[in-house]
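Residue-level structure breakdown
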Amino acid sequence: MMQYTALPEEVLMSIEKPERYIGHEINAVYKDKNKIAVRFGMCFPDVYEIGMSHLGIAILYDMFNKFEDTWCERIYSPWVDLDKVMRERNIPLFTIESQEPVKNLDFLGITLQYEMCYTNILQVLDLSGIPLISTERTWDDPIVIGGGPCSYNPEPIADFFDLFYIGEGETRYRELLDVYKASRAAGESRDEFLHKAAKIPGMYVPRLYEPEYNEDFTLKAFKPLYDDIPTKILKELVTDLDDTYYPEKPVVPFMKVTQDRVVLEIMRGCIRGCRFCQAGQIYRPVRERSVEFLKDKAEKLLKNTGHEEISLSSLSSSDYTHIEELVRFLIDDCTKKKVNIALPSLRIDQFSVDVMEKVQDVKKSSLTFAPEAGSQRMRNIINKGLTEEDIINGAVLAFKGGWTKVKLYFMLGLPFEKEEDIEGIAKLCNSIAAAFYEAIPKEKRVNGRVNITASTSFFIPKPFTPFQWAVMDTPDDFIRKAGLTKHYIHEQLNQKVIRYIWHEADVSMLEGVLARGDRRLSRVILSAYKKGCIYDAWSEFYKHDAWLESFKECDVDPDFYMYRERKDDELFPWDFIDCGVSKAHLLREWKRAKEGIVTDNCRTRCSGCGSARFDCGICINGR
Amino acid sequence: MKVRFKFSKHGVLKYIGHLDLMRYFQKAFRRTDIEVLYSKGFSPHMIMSFAQPLGVGVESDGEYFDVEVADEEDISTMVAKLNEQMAEGVVILDVVKLPEKFTNAMASVAAADYELNFYKESPLSTALLDKYKAADAVTFVKTTKTGEHIINVKEFVFDIALKDDATLFVTVDASSAGNLKPANLLEALLKLEDKSVADYPFHILRKDTYMRDASGNLVPLNKVDYE
Ligand code: SF4
Ligand code: SF4
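Remember, predicted model here, so these are calculated numbers, not experimental data.

Our next topic: the sheet that holds strand β17 (residues 451–458) of chain A. All names here are of chain A. Pairing in this open sheet of four strands is parallel, and the strands run β15-β16-β17-β18 from one edge to the other. A single partner strand is all that each edge strand has here, and the edge strands are β15 (367–372) and β18 (498–502). Neighbour to neighbour, the strand axes of the sheet diverge by 20° on average, direction disregarded. Note that strand β16 (residues 405–412) and β17 share eight bridges and pair parallel. Bridging from a neighbouring strand, L412 pairs with F458 of β17.

Let's shift gears to the site of ligand 2. Residues in close proximity to ligand 2 include R284, P285, C602, C606, S607, G608, C609, S611, A612 and C619 of chain A, which together make up its full environment. Residues that form the shell around ligand 2 fall into these classes: six nonpolar, three polar and one charged.

All right, on to the site of ligand 1 then. By nearness alone, every residue bordering ligand 1 is listed as C270, R272, C274, F276, C277, G280, L315 and K384 of chain A. When the residues that make up the shell around ligand 1 are grouped by side-chain class, the tally is five nonpolar, one polar and two charged.

What follows is about the interface of chain B and chain A. Each side of the interface is counted separately: chain B has 30 residues, and chain A has 31 residues. Interface of chain B and chain A: buried area, both sides summed, is about 2,600 Å²; carbon and sulfur atoms make up 56% of it. When the area that chain B buries against chain A is broken down by residue, the three leading residues are Y15, R30 and R31 of chain B, summing to 27%. In this structure, the connection of chain B to chain A is made through four salt bridges. The partner of K14 of chain B in a salt bridge is E9 of chain A, with the nearest N and O atoms 3.1 Å apart. Inspection of the region where chain B meets chain A yields 16 residue pairs in polar contact (both at pLDDT 80 or more). Among the elements that line the side of chain B that touches chain A, the one with the most residues is helix α1 (residues 18–31) of chain B, at seven residues. Among the residues making up the side of chain B that touches chain A, the classes are represented as twelve nonpolar, nine polar and nine charged.

Attention now goes to the packing of aromatic side chains. All names here are of chain A. Taken as a whole and assessed by the stated rule, the structure comprises 52 aromatic pairs over all chains. An aromatic cluster of at least three residues, connected via ring pairs, comprises F40, F64, F67, F107, W139, Y165, Y173, Y180, F193 and Y245. Above the plane of the ring of F67 lies R174, whose end atom (NZ or CZ) is 4.7 Å from the centre. For R520, the ring lying beneath its charged end belongs to Y213, and the centroid distance is 6.0 Å.

This part takes up the environment of D349 of chain A. Checked against the element boundaries, D349 of chain A lands in the loop between β14 (340–342) and α11 (350–359). In sequence terms D349 of chain A and N393 of chain A are 44 residues apart; their C-alpha atoms lie 8.0 Å from each other.

Our next topic: unusual backbone geometry. Look at the link from R284 of chain A to P285 of chain A: it is a cis peptide, with omega at -10°. Locating P285 of chain A in the fold gives a position in the loop between α8 (279–282) and β12 (287–288). Despite not being glycine, D194 of chain B has its phi angle at roughly 55°, a positive value. For D194 of chain B, a relative accessible area of 73% puts it in the exposed group.

All names here are of chain B. Averaged over all residues, the pLDDT of chain B is 93; the fraction at 70 or higher stands at 100%. Mean pLDDT values over the elements of chain B span from 89, in helix α3 (residues 105–108), up to 97, in strand β4 (residues 90–97). The ipTM assigned to the predicted complex is 0.92, against a pTM of 0.95.

Rules and cut-offs
Residues numbered from 1 in each chain as written. Chains lettered and ligands numbered in written order. Predicted model: local features only at pLDDT ≥ 70, side-chain atom pairs only at ≥ 80, totals over all residues. Heavy atoms only, no water. Pairing = 2+ DSSP bridges. Helix = DSSP H or I, 4+ residues; strand = E, 2+ residues; numbered from the N terminus. Axes fitted to C-alpha atoms, helices over the stretch in contact; angles between N-to-C directions. Near = heavy atom within 4 Å. Nonpolar A, V, L, I, M, F, W, Y, C, P; charged D, E, K, R; others polar. Contact = heavy atoms within 4.5 Å. Buried area = accessible area lost by both parts, 1.4 Å probe. Salt bridge = Lys/Arg side-chain N within 4 Å of Asp/Glu carboxyl O. Polar contact = N/O pair within 3.5 Å; in protein donor to acceptor, adjacent residues only side chain to side chain. Phe/Tyr/Trp six-rings, centres within 6.5 Å; stacked < 30°, edge-to-face > 60°. Lys NZ or Arg CZ within 6 Å of the ring centre and 35° of its normal. Buried < 20%, exposed > 50% of the residue type's maximum accessible area, 1.4 Å probe, protein only. pLDDT = per-residue confidence, 0-100.

Here it is in structure tokens:
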């Protein structure tokens, strides 16, 4: 038996982890390419272990391969060692399944999960031999389509894509493929096809739109070039999550990937409207899957993968209506099957402490809280409906259950932040430590003492959040604030048990620029790529200086995107997208943030965000 | 009940390392209805023992592992059940029941034989083999945590023969104490003619893995003597 590999043996034997590139994993889909009308390549522009852990891709892979006329294959970024070899030896980028060049495909779909993957997109196109700029492509090249959270502001990478799919992938791909097939059969040009595609709901063809700028480079207008192309693009979403695609036989990698487990997506969206959080807005409204659906999938998935762990996935699992029933079922079923249960994003309360005691090794595991801000004042500003009392009560419950390790996540640089808010981080950590000593008598302290880890990241304003108007902190501000946090922690009585870690500031700056960027940034990204930037999301490969040079060469000022106060009525580069939540609602939230007024979550009271027009989920059945 | 499986590993699966192969088999068992026994404790794991791990890039016709299954399992259907769950490239060839207290696969291994095949230019010749046989010591340097050691491969080679101009057949020590990697043997051999293995790409196929029977003879790991 000979299985073909795109990489010759001597290459596979000379690189790290050749398993990344060979395919043939359990449940990978192989089809006869001669009986297929459309070949779709689904790319996660990062290394295999990261990309293979992504549920969204698994869902779309399954959906495409259920289409009889379509074969969907996977593509990942070659790791830096292989990247070098491929360039030296002119080996074109290949798909995992057929091991054939990406260029042979009809579509190259690229998922955009974080801004820092943008240079990897260029790496994928470049290694595939596909022109980097959309307008330079011909029918010899696949149609390059982007999707995922970053496509909610696709403008910085607009030049590189033929098409963006705005919203959830399950709804419109069939239509797109049919238009493609008809277009090819009729012998139409690539431009003709793209023009037709632009009329399908959710599709955005960047080259059919033109931005017009004011003198200060803010947007003056953003209009389609043709009358028959929509001016606003409404996001796509699945209205009934029990009646849609969900893979029952996901690919099981040979190598240990980040998510080496069954992942059960219990719902989409989040009832909470934390004002910094993009996911909380763009996935509205909350839609749940039924317990029956989930029980059935859990059993099939465990059976078909052989995984020894199952994890629930959602933005805020405690808010799932039937969480107790589901978790109890899983505990019963999984204990029999010797399957571990992972329960991330559960709020710490009596129920979660009870179940966690059953599914975790209490002594080894740590509890996680994400208060995001140290003071109540700041938690009100960001609309994090979590009080100090909630946190302390949760921690005490956990301490009584035997936990001694607590992790806390905070953000620095939030809008309207004062020094007292930063001090609040230290004080909160100290109060938790004090609560431990108060609640647990000396003889019962399992590991002797409590361990608190406070970690801060830097706030980055994101499109489609109430904070999209906010000014971002400079790297100097960030470093100063991290220093202040450290200083205040040292001042605390219990400082010895508090460990403090913070994230780098340079990377945050670039993320801040790309997140709220416009089309002028495509040139900068291209220039950074040409200077050798790839894998920017990996701090060991991030080349800050190369990025700064690229901004200079392209005569684009990064400060414009970060440090500028945006006016209430400014036209944003992403405003042509309608994510369901209205700009009026976001602005209202921005104003309420300034005044520190909290807004109710969707379950308590609808705040009329605009998503009710989708006529599904919590907007119609939630309260 | 302890059972010993024999399997082969070919094609692209040769790039799967030993740890991942173990995980692969654990998941494969969980996809069947064969009831495998687990260790006790907070995170129970399957009780498995693999014979000598295969290097990345090496194919094999004779790999083994032991696993403990529920007593009521039917051994006659196990090979078929597990084969249904295999990726293309791994084939389950046999399963045998092990007597009580039988030494586990890992500890049983005494030797393995390999076919080494040069698929471009071959440095092999009868003259080279004669040199090998005439020499007192044929060595390579092994670097370990404790430093560099000079290893005389002749102490670990049980049999060596040319199959044709490009193919060498060897039987070597594969016990956990004295395992000789075929690539190291080649390195030592080619050094006799001042050649470097790096210049001669080759394939390695492990033909089978052996234990010693009661009279000290090498027998394949699945030829269990029930006497
Ligand atoms: S709870 Fe807040 S931060 Fe978490 S997903 Fe929901 S809105 Fe975002
Ligand atoms: S319309 Fe109301 S209930 Fe629906 S998502 Fe918006 S705020 Fe929530």
